[in-house]
Amino acid sequence: MRLQIDTIDLYQSHHDDLSTAIDETLEAYQELVHAGKVKWIGASNLSPERLKESLVVAEKHNLPAYIAIQPEYNLYDRSKYEKDYEQLALENHLGVITYYSLASGFLSGKYRSIDDIKEAKRSDALKGRFDTRGLRILDALAQVAHNQQAAMPTIALAWILHRPSVTAPIVSATSLQQLEELTRATKINLSTEEMSLLNTASAYEEN
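Parameters and conventions
- Residues numbered from 1 in each chain as written.
- Predicted model: local features only at pLDDT ≥ 70, side-chain atom pairs only at ≥ 80, totals over all residues.
- Heavy atoms only, no water.
- Pairing = 2+ DSSP bridges.
- Helix = DSSP H or I, 4+ residues; strand = E, 2+ residues; numbered from the N terminus.
- Right-handed = clockwise from strand over helix to strand, strands pointing away.
- Phe/Tyr/Trp six-rings, centres within 6.5 Å; stacked < 30°, edge-to-face > 60°.
- Buried < 20%, exposed > 50% of the residue type's maximum accessible area, 1.4 Å probe, protein only.
- Lys NZ or Arg CZ within 6 Å of the ring centre and 35° of its normal.
- Patch = residues over 30% accessible without salt bridge, like charges linked within 9 Å, V, L, I, M, F, W, Y side chains within 5 Å.
- Areas by Shrake-Rupley, 256 points an atom, 1.4 Å probe, with all protein chains shown as cover.
- Salt bridge = Lys/Arg side-chain N within 4 Å of Asp/Glu carboxyl O.
- Lys, Arg positive; Asp, Glu negative; His and termini not counted.
- Charge placed at Lys NZ, Arg CZ, Asp CG, Glu CD.
- Axes fitted to C-alpha atoms, helices over the stretch in contact; angles between N-to-C directions.
- Parallel < 35°, antiparallel > 145°, perpendicular 65-115°, else oblique.
- Left-handed = near helix turned anticlockwise from the far one by under 90°.
- Contact = heavy atoms within 4.5 Å.
- Nonpolar A, V, L, I, M, F, W, Y, C, P; charged D, E, K, R; others polar.

Two elements, strand β1 (residues 8-13) and strand β2 (residues 38-43), share 5 bridges in a ladder whose sense is parallel. Residue pairing across strands places I8 opposite V38, the latter belonging to β2. Of the crossover connections in this fold, the one passing from β1 over helix α1 (residues 22-34) to the parallel β2 is right-handed. With 3 bridges joining them, β2 and strand β3 (residues 66-69) adopt parallel strand pairing. Counterpart to G42 in the pairing with β3 is A68.

Now the structure itself:
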């Protein structure tokens, strides 16, 4: 194998192929598990309906079941996960590994206006976030970061880790300093007041 390993601990379905039956997908995973090539399976970008059905099919036919999901989740992008997936994850004891945990760098503290992202690689993903709510989130992050004497992305990750349903956030670092800042999130204890400030600033409007 190109990965130079014998067994993949967690193999994830990245995108759902709606033309493929759920039992067919899980049977393919069963072959990989029985062959010793995969230990457990997870899912990313499955609809809540397909995810729920997959869990039912796995139990009914004694097939491998997803043990983890990988949703987009951060202070700015909260609504979809909290409305559609969080309760499903809790009820089925699914691990939750969040991606875009810093909202494509928006929560890093490097950008505070549209002008700041002109040369950024992810400018297209960032430009829509500088709305009233986005700026409110940045202000709250900066305030908590100051209180904690920590970097803004550290606080953004700490907020995710304080969610009872989340197992771990996915994040990338481009330097050793960034890596040290980000790993410090596991040691940050946000107060009730700080969590309230971040939750209020990032609250989304109910439809």
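Within the open sheet, the 5 strands sit side by side as β1-β2-β3-β4-β5. Their pairing is parallel. Each edge of the open sheet is held by one strand with a lone partner, namely β1 and β5 (168-169).

This brings us to the packing of aromatic side chains. Tallying each qualifying case throughout the model produces 7 aromatic pairs. Between the aromatic rings of Y11 and Y29, the centroid separation amounts to 5.8 Å while the plane-to-plane angle is 65°, which identifies the pairing as edge-to-face. Residue Y11 is located in strand β1, and its partner Y29 is located in helix α1; the two are separated by 18 residues in the primary sequence. Seen from their ring centres, Y76 and F106 are 5.8 Å apart, and the 75° between their planes marks the pair as edge-to-face. Of this pair, Y76 sits in the loop between β3 and α3 (79-91) while F106 sits in the loop between β4 (95-98) and α4 (123-126), and the two are 30 residues apart along the sequence. Accessibility assignment for this pair places Y76 and F106 in one class, buried. Above the face of the Y76 ring, R133 is positioned so that its terminal group lies 4.7 Å from the ring centre.

Another aspect to go through is a negative patch on the surface. Together, D17, D23, E24, E27 and E31 make up a negatively charged patch on the protein surface. Its relative accessible area of 38% is what places E27 among the partly exposed residues.

A few words now on the packing of helix α2 (residues 48-60) against α3. The N-to-C vectors of α2 and α3 enclose an angle of 15°; their axes lie 10 Å apart at closest approach. One element, α2, and the other, α3, form an angle in the roughly parallel class. When you trace α2 past α3, the crossing you get is left-handed. Together, P48, L51 and K52 of α2 and D84, Y85 and L88 of α3 make up the contact between the two elements. The class makeup of the residues in the contact of α2 with α3 is 4 nonpolar, no polar and 2 charged.

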